[in-house]
Amino acid sequence: MRKPAIIEAPSVLGLRPSGVQDLPAALLGAGLAERLGAVRTGRVEAPAYDPRRDEATGILNPRGIARYAAALADAVGSVLDDGFFPVVLGGDCSILLGNLLCLRRRGRYGLLFLDGHTDFYQPAAEPTGEAASMELALATGRGPRLLTDLEGRGPLVRDEDVVVFGFRDTSESAGAGMQPLPAELLTIDLDGVRAVGADAAAHRAVDRLGYGASAGFWVHLDVDVLDDALMPAVDYHIPGGLTWPELETVLRIALADERAVGVDVTIFNPRLDPDGSLAARLCESLVRGMSARTGRGR
């Protein structure tokens, strides 16, 4: 399998400068590159942050996000062309658009979306206009054209090529007026994971991603998919979540599949981890989760 290559993508354009921009430094400082046996291929800096909500789209920094998506897509594409497996360290969840844009340039790909939230808000229902609460909607073509038709390529991923996994925000998002998830997406919420176990749920997700005409799939990991009691270093809290072993099981099954083409990690906030213990534990989990691909951390 391809050797992992780390790309730093510390954008907070879809959120705010809360501290998630320090995620790459924290995980690299905890030894992630060395423990994965990964090469480091550089850092994609974001345009300046604008705290004003765009009047035309209702989203913060929409033009900056579009520019950043193109730049990150270039970086991920270079890593793929060089024969590596991209590991993209965010930043907020809006970096997903750049990763998927890279793949959309190459054809049809799927998405395993590991997140405590479904992130399917429309601008009218998102209180502050944060694209980090909308990235799945934007990636599937729902929202302002500036961000749903990047480079004129239309939706970055088809509904039927997406699995939304481990979320637990159904009541919260419905109460806030979020648009409903389309039936074509496969959804496995936290209760669904627990009903069959993380192993069986992960195999179901990967089997779905291998069904159809897609050439492979990307794995998006928002660390708030973890139990809030285990991973408090996130900006938006919601009770419950996956355990560390459950997350490692899901990552190991997904990333062992030869169709997995890359992974991103988002939303971990090192400013809420003053002693670095959560960064170290997250690093450990990522190493274990990628063990089938790297041969390390089993």
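Before any of the text, the structure's been laid out above.
An account of the accompanying structure is given in this report.

Conventions we followed
- Residues numbered from 1 in each chain as written.
- Predicted model: local features only at pLDDT ≥ 70, side-chain atom pairs only at ≥ 80, totals over all residues.
- Heavy atoms only, no water.
- 1 Å grid on protein atoms, 1.4 Å probe; cavity = no way out; pocket = protein on both sides within 12 Å on 5 of 7 lines; lining within 4 Å.
- Points joined across faces, edges and corners; volume = space filled by probe spheres on them.
- Nonpolar A, V, L, I, M, F, W, Y, C, P; charged D, E, K, R; others polar.
- Core = buried A, V, L, I, M, F, W, Y, C linked by side-chain atoms within 4.5 Å.
- Buried < 20%, exposed > 50% of the residue type's maximum accessible area, 1.4 Å probe, protein only.
- Helix = DSSP H or I, 4+ residues; strand = E, 2+ residues; numbered from the N terminus.

1. Quick notes on empty space enclosed by the protein
For the structure shown, the criterion picks out one cavity of 30 Å³ or more. Its volume calculated, the largest cavity comes out at about 50 Å³. Together, Leu32, Leu36, Val87, Leu251, Leu255, Val263, Val265, Leu286 and Met290 line the largest cavity. Each residue belonging to the lining of the largest cavity can be placed in one class, and the counts come to nine nonpolar, no polar and no charged.

2. So, the nonpolar core
Met231 and Phe268 are the most contacted members of the largest nonpolar core, which totals 60 residues. With seven residues, helix H10 (residues 244–256) is the largest single contributor of residues to this core. Of all hydrophobic cores here, the second largest spans 46 residues; its members include Ile7, Leu13, Ile59 and Leu138.

3. Focus on the layout of surface pockets
Here the largest pocket is characterised by a volume of approximately 320 Å³. The wall of the largest pocket is formed by 18 residues, among which His117, Asp119, Ser133, Glu172 and Tyr236 lie closest to the centre. Classifying every residue of the lining of the largest pocket gives seven nonpolar, three polar and eight charged. Of the voids in this model, the second largest pocket is the one considered here, and its volume is about 150 Å³. Every residue along the wall of the second largest pocket is listed here: Met1, Arg2, Leu80, Leu103, Arg106, Tyr109, Glu258, Ala260, Val261 and Arg293.

Nothing here speaks to function; it is all geometry.
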